[in-house]
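Chain by chain, the residues run as shown.
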Amino acid sequence: MKSINQIQHLRSDEVYEILNSRPQGLTESEIQERVREVGFNSIEGRQRFVWARILFRQFVNFFSILLDISALLCYVANQIQPGQSMDILGWALFGVSVLNSLFSFVQEFRAEKAMEMLEKFLPPAALVVRDGQEKRITARELVPGDVILVREGDRISADARLIETGDLLVNNAPLTGESRPVSLTTEPSETSMLESQNILFAGCTVMRGSGRAVIFATGMRTEFGKIASLSRDIHRAPSPLEKETTRMVRILTIIASAMGMVFFLYGTFSGRPLWVNVVFMMGIIVANVPEGMLPTLTLSLAMASLRMAKKNVLVKSLNAVEALGSVHVICTDKTGTLTMNRLSISRIADPYGGFIEDDAKKKTMIRDAFIASEIRMQNGIFSGDPLDVCIAQMYEDRTGGAVIFEEKITRHYAFDVQRRRSAGVYQGEGERNFVVKGAFESVRVFVDRLENQEGEIVAATENMLEEADAAVRKLASMGYRIIAVAGRSLEENEMADSPVEKLERNLILRGFLCSEDPLRPEVPDAVRKCRSAGIRVILITGDHPDTARAVAGQAGILESDRETPVYTGRELEQMKENEISEKLREGQAIFARTTPEQKMKIVMALKSLDIVVAMTGDGVNDAPALKAADVGIAMGREGTDVARESAQIILLDDNFASIVSGIEEGRTIYENIKKFISYVLSSNVPEMLPYLLYILFPVPLALTIIQILSIDLGSDMLPAIALGREKPDPEIMSRKPRKKEESLLSASLLIRSYLYLGLMQGVLSLFVFFSFLAFSGWHFGMQLADSDPLYRSATGLTLASVILMQIANVIGRRYLTGSGLDMGLLKNYLMLGGIAVEIAFAASILFYPPMQKVLLTGPVPVVWCLVVVALIPIFFSIDYFVKISRS
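Residues numbered from 1 in each chain as written. Predicted model: local features only at pLDDT ≥ 70, side-chain atom pairs only at ≥ 80, totals over all residues. Heavy atoms only, no water.

Caption draft 1: Inspection of the packing of helix H31 (residues 789-812) against helix H34 (residues 862-886) at higher detail. Two numbers describe how H31 lies on H34: the axes approach to 9 Å, and their chain directions differ by 35 degrees. In this structure, the crossing between H31 and H34 has a hand that is right-handed. Side by side, H31 and H34 meet where Leu797, Ala800, Ser801, Leu804, Met805, Ile807, Ala808, Asn809, Ile811 and Gly812 of the first sit next to Trp864, Val868, Val869, Leu871, Ile872, Phe875, Phe876, Asp879 and Lys883 of the second. Each residue belonging to the contact of H31 with H34 can be placed in one class, and the counts come to 14 nonpolar, 3 polar and 2 charged. (Axes fitted to C-alpha atoms, helices over the stretch in contact; angles between N-to-C directions. Helix = DSSP H or I, 4+ residues; strand = E, 2+ residues; numbered from the N terminus. Left-handed = near helix turned anticlockwise from the far one by under 90°. Contact = heavy atoms within 4.5 Å. Nonpolar A, V, L, I, M, F, W, Y, C, P; charged D, E, K, R; others polar.)

Caption draft 2: Seen up close, unusual backbone geometry. Of note in the backbone geometry, Asn20 takes a positive phi value of approximately 50 degrees without being a glycine. Looking at the secondary structure, you find Asn20 in the loop between helix H1 (12-18) and helix H2 (28-38). Note on Asn20: relative accessible area 53%, which makes it exposed. Unlike most non-glycine residues, Asp610 shows phi in positive territory, near 65 degrees. As for its placement among the helices and strands, Asp610 is situated in the loop between helix H23 (596-607) and strand E23 (613-617). For Asp610, a relative accessible area of 45% corresponds to the partly exposed category. (Buried < 20%, exposed > 50% of the residue type's maximum accessible area, 1.4 Å probe, protein only.)

Caption draft 3: Representation of the pairing of strand E16 (residues 447-451). Summarising the sheet, E16 and strand E19 (residues 507-516) pair through 3 bridges and their orientation is parallel. By the bridge assignment for E19, Val447 is matched with Leu507. Relative to strand E17 (residues 457-459), E16 runs antiparallel, the two being bridged by 3 bridges. Paired with Arg449 across the two strands is Ala459, which belongs to E17. Between the antiparallel neighbours E16 and E17 lie 5 residues, among them Gly455 with a positive phi of about 90 degrees. (Pairing = 2+ DSSP bridges.)

Caption draft 4: Focus on the environment of Glu665. Here Glu665 shows up in helix H26 (residues 656-682). A C-alpha to C-alpha distance of 6.8 Å links Glu665 and Gly325, two positions 340 residues apart in sequence. Those residues in contact with Glu665 that sit more than four places away from it in its chain are Ala304, Arg307, Met308 and Lys311.

Caption draft 5: Geometry of the side chain of Asn655. For Asn655, the position within the fold is in the loop between strand E25 (649-651) and H26. Setting aside chain neighbours within four positions, we find Asn655 in contact with Thr337, Arg520 and Glu522.

Caption draft 6: Region of interest: H23. In a regular helix each residue adds 1.5 Å, so 12 residues correspond to 16 Å; H23 covers 17 Å between its end C-alpha atoms and thus fits that length. Counting buried residues in H23 gives 9 out of 12 residues, a clear majority hidden from the surface. If you check which residues of H23 are buried, you get Pro596, Gln598, Lys599, Met600, Ile602, Val603, Ala605, Leu606 and Lys607. (Expected span 1.5 Å × (residues − 1).)

Caption draft 7: How the structure looks around the pattern of salt bridges. Scanning the entire structure with this criterion turns up 28 salt bridges. Its salt-bridge partner being Asp448, residue Arg449 comes within 3.3 Å of it at the nearest N-O pair. Asp630 serves as the salt-bridge partner of Lys607, at 3.9 Å between the closest nitrogen and oxygen. Linking Lys607 in helix H23 with Asp630 in the loop between helix H24 (623-628) and strand E24 (631-635), this pair joins segments that are 23 residues apart in sequence. The class of Asp630 is buried, set by a relative accessible area of 6%. By sharing partners, the salt bridges in this structure join Arg367, Asp368, Glu431, Glu451 and Arg510 into a single network. (Salt bridge = Lys/Arg side-chain N within 4 Å of Asp/Glu carboxyl O.)

Caption draft 8: How the structure looks around the packing of aromatic side chains. This structure, assessed with the given rule, holds 10 aromatic pairs. The ring of Phe40 is capped by Arg140, whose NZ or CZ atom sits 3.9 Å from the centre of that ring. Positioned above the aromatic ring of Phe355 is the side chain of Arg347, whose terminal nitrogen or guanidinium carbon lies 3.9 Å from the ring centre. (Phe/Tyr/Trp six-rings, centres within 6.5 Å; stacked < 30°, edge-to-face > 60°. Lys NZ or Arg CZ within 6 Å of the ring centre and 35° of its normal.)

Caption draft 9: A look at the nonpolar core. If you look at the biggest cluster of nonpolar residues, it comprises 132 residues, and the most contacted ones within it are Ile330, Phe656, Ile673 and Ile677. In terms of residue count, H31 provides more of this core than any other element does, 14 residues in total. Residues in contact with Ile677, not counting those within four places in the same chain, are Met248, Met293, Leu744, Leu745 and Leu749. Residues Leu175, Ala217, Ile227 and Val620 belong to the second largest nonpolar core, which totals 29 residues. (Core = buried A, V, L, I, M, F, W, Y, C linked by side-chain atoms within 4.5 Å.)

Following this line, the structure appears as C-alpha cells:
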C-alpha cells in the first residue's frame with residue numbers, strides 16, 4: 001500500500017481514503033484529534049532567549065576575558081598606588097572589551113532573523129471545507145485531511161494533493177527555483193514529489209484558475225517546513241578573516257600575558273614593590289596587545305562595505321567583505337542572476353529552423369500565436385501565463401491593436417498539462433482560423449502541411465517532419481524554449497465552439513517561437529574575470545538540464561578542453577557527499593533539477609575540499625545553501641525576504657557582475673589589512689622596550705601606560721584606517737585566491753613588524769629619551785620621580801618620537817617594494833588627515849599644557865623638537881633603502 005509520501009501516485013478517490021477524509025471535509029472532533037496528534041500548521045523557530053546565549057558567548061571569548069582581567073588589575077593597582085592614571089586605563093580597556101563584544105553579538109544575532117522571515121512567508125488565512133461548509137480560518141488551524149479551496153492570487157498554506165482543478169497554474173519558484181509556471185492536473189503522477197503536477201506546495205502562489213485539494217502535510221512536515229528545518233539547524237562557520245583575527249589575537253595575547261607574568265615574577269623576586277610590578281606587568285600587556293586593532297579592523301571593513309554598496313553590493317555582515325575576496329568557487333543560480341528573469345521571444349524560426357527576418361512573416365506568426373493565447377487586461381496591463389503575456393505585448397507593440405484583436409478570438413482552449421498545448425479560434429472579416437501552440441512533439445501528429453521558406457504551403461512528408469524535429473533539437477541546444485505554432489482555416493460547416501479534438505487535424509506548421517530568459521550582457525565578461533582570478537563558477541539550477549547547459553555555454557562557464565557533465569537531482573539523490581566532492585575535484589560540473597537539500601549537499605561537498613564557497617540564491621529554497629556557504633549572496637530586487645535574511649551579502653541589482661566587483665574589493669581589503677597590521681604592530685616594540693629596560697636596569701621608564709594607550713587607541717587609529725582605504729592593485733584580479741590556511745599573521749609580517757620596523761623605532765625613540773636626559777644632567781642609575789619636570793619632558797619626547805616615526809611608517813606600508821610616495825598621497829585623503837592628526841597630536845604633547853597635564857608630559861626646548869621631527873626622514877630613508885636592496 002502506498003504511503004502519504006507517495007500521494008502523488010494515487011487517484012483522487014484513494015487520496016481521501018489514505019487521509020481518512022471526505023469531500024465534505026473533516027468534523028470538529030476529527031480536527032481536534034489531529035491537532036493533538038500533529039500540532040498546528042506553523043513553522044517552528046529557534047528556542048526563546050537565543051539572544052541571551054549569543055550575548056553571553058561574546059563576553060566570555062578569549063580577547064574579552066583578557067581585557068576584562070587587565071581592567072580589573074588596573075583598578076586594583078589604582079587602589080594600591082593612586083595617581084598613576086591606572087583607573088583611566090582600566091575604563092579604556094573595559095570599554096574596548098564591551099564594544100567588541102556588542103559588535104560581535106549584533107553580527108551573529110542578525111543571522112537568526114532568517115527564521116522570522118520564514119514564519120512570515122506563509123499566508124495568515126485559508127478557505128476550507130469542514131462539515132460540508134466553506135469556512136475561512138487561520139492557516140495555523142489547518143490539519144492533514146482538511147479540504148482547501150484555492151483561487152488566483154492565493155498563497156498556499158500547506159502541502160495538498162489536488163482533487164479538482166479549473167485551469168490551475170501555480171508558481172513554484174520559491175520552493176523549486178523553477179522560473180516557469182506549472183500547470184496542474186488531478187491525474188496520478190509517477191514522478192518525484194517536487195516534480196509532480198498534482199501537488200500544491202506551501203509557500204507557492206496560484207497564478208491562474210482555481211482548485212480543490214486535500215492537505216497531507218502541515219507545519220514542519222511540508223516541503224517548505226523541511227527547508228525551514230534545514231535553515232534553522234545550520235550554523236555558518238566563521239569566515240576566514242574571523243578565524244585569522246581570533247588566531248592573531250590569541251597569539252599576541254598569549255605572548256603579552258606570558259611576558260607580563262615572567263617579568264612580574266622577576267620583579268617580585270628582585271624585591272621591587274608589588275604595585276611597581278603590577279604596573280610593569282600591565283605595561284608589558286598593554287604594549288603587546290593591540291587594543292585598537294579590532295576597532296580599526298571593524299571601521300576599515302565598514303568603510304569597505306560602503307564602497308561595495310556603491311557597486312550594488314550590500315554587506316550585512318562585515319566579515320563577509322573579506323570573505324568574498326577569498327572565495328575559490330561561486331555557486332550561482334541561473335534565473336535572475338545570470339539571466340534577466342524576463343521571458344522574451346528572441347527569435348522566430350520557420351519549420352526548418354531558419355530564423356525569419358521578414359517583418360510581415362514575423363507579424364503573422366505572432367498574430368497566430370496570440371490566437372492560441374489566453375490573456376486578461378487589468379488596469380491597462382496584460383495578465384495571465386507569462387508566455388501568453390509576452391506574445392500579447394509583442395503583438396501590441398507591432399500593431400497597437402491587441403485588445404481589439406483579442407475581442408475577435410471567440411474561443412480559447414486553455415493549456416492542458418497532458419496535451420502540452422493550447423488553442424484558440426479567431427473569427428474576423430472573411431476569415432475563421434483555428435490555431436494551436438505548444439510543444440512540437442504534441443502538435444506534430446496533427447500536422448500534414450507546412451509553410452516553407454518561400455511562404456508556400458506544401459504537403460508535409462516524413463522527411464520534412466524529421467527535419468523539423470532536428471530543427472527543434474538544434475534550437476533547444478541554443479538555450480531556447482521552443483513553441484510550435486500550427487493552424488488552419490475552418491471550413492464553413494465547422495462550428496467554432498466544437499470540442500478541440502474535432503478541430504485538431506490537417507494543421508499547417510507555421511514555424512517556431514524561440515523564447516528565453518536572456519543572459520545579462522555583462523555576465524560573460526564577469527565569468528572571464530573570475531577565470532583569470534582563479535575562481536570557478538558552478539551553475540546550480542532548478543531548470544531543465546538542456547537549458548542549464550545552454551545558459552552555461554552562453555555565460556562561458558563550460559570548459560573548452562573537456563565535456564562538462566550535467567548532473568540532475570535524481571543523480572544527486574544516489575550520490576554521497578564524498579562522491580560529489582570527487583566529481584567536483586575532477587573539474588567543472590553543472591547541476592540541474594536540484595532540490596534545496598541537494599543545493600546544500602553540493603555546498604558542503606565543496607567545503608569538504610577545504611575551499612571557500614560563495615552561493616547565490618533568491619528563493620526560499622535557497623535559504624539552507626545560503627546559510628551553509630562561507631558567503632551567502634541573495635538577490636535584492638527579485639529575491640525573497642527569506643533569502644535576503646539568510647545571506648550575508650545582497651546584490652542590489654541582482655547582477656552576477658556585481659559579485660566580481662565585490663570580490664575585487666574583498667581581495668583589496670585583505671591586502672590592506674595586512675598593511676595596517678604591520679603598521680600597528682610596529683609601534684608595539686617602542687612601547688615594550690622601555691619596560692624591559694626599566695625592569696633589567698636602573699633607568700627611568702621611557703613611556704607610561706597612559707601614553708602607550710594614547711598611541712594604540714589614539715594617534716594610530718586614523719592612519720591605520722587610511723591604509724584600509726588604499727586603492728586596489730591593478731593586478732589583484734589576475735592572481736589566484738589565497739589558500740584557506742594562509743595566515744594573516746605570517747612569520748614574514750611578524751619579523752618585518754617587530755624585528756625590523758619596530759626595533760628601529762624603539763632604538764631611535766630610546767636614543768632621543770636617554771640623550772635628552774644625559775644632556776640635562778642625568779646619569780646611569782639616577783632615579784627620577786614621576787612628577788619630576790625633567791622626566792615628564794623626556795617621556796613627552798619619546799612619545800612624540802614614536803608618533804612622528806609612525807608618519808614615515810604609514811607611508812612606507814602603502815607599498816611593499818616602493819617608497820609609498822610614488823602611489824600619490826593625494827589619492828588617499830584620509831591618510832593626509834591621519835598624518836595631520838599625528839602631527840597635531842605630537843605638537844600638543846610638546847607644547848600644549850592641557851594635553852601635557854592629561855598625558856603627564858612636559859615642555860621641551862625647540863632644538864629637541866627639531867631632533868624629533870628629523871626622525872621622520874631618517875626612518876623613511878632607512879626603510880626605503882632596505883626595500884631597494886631587497887628588490
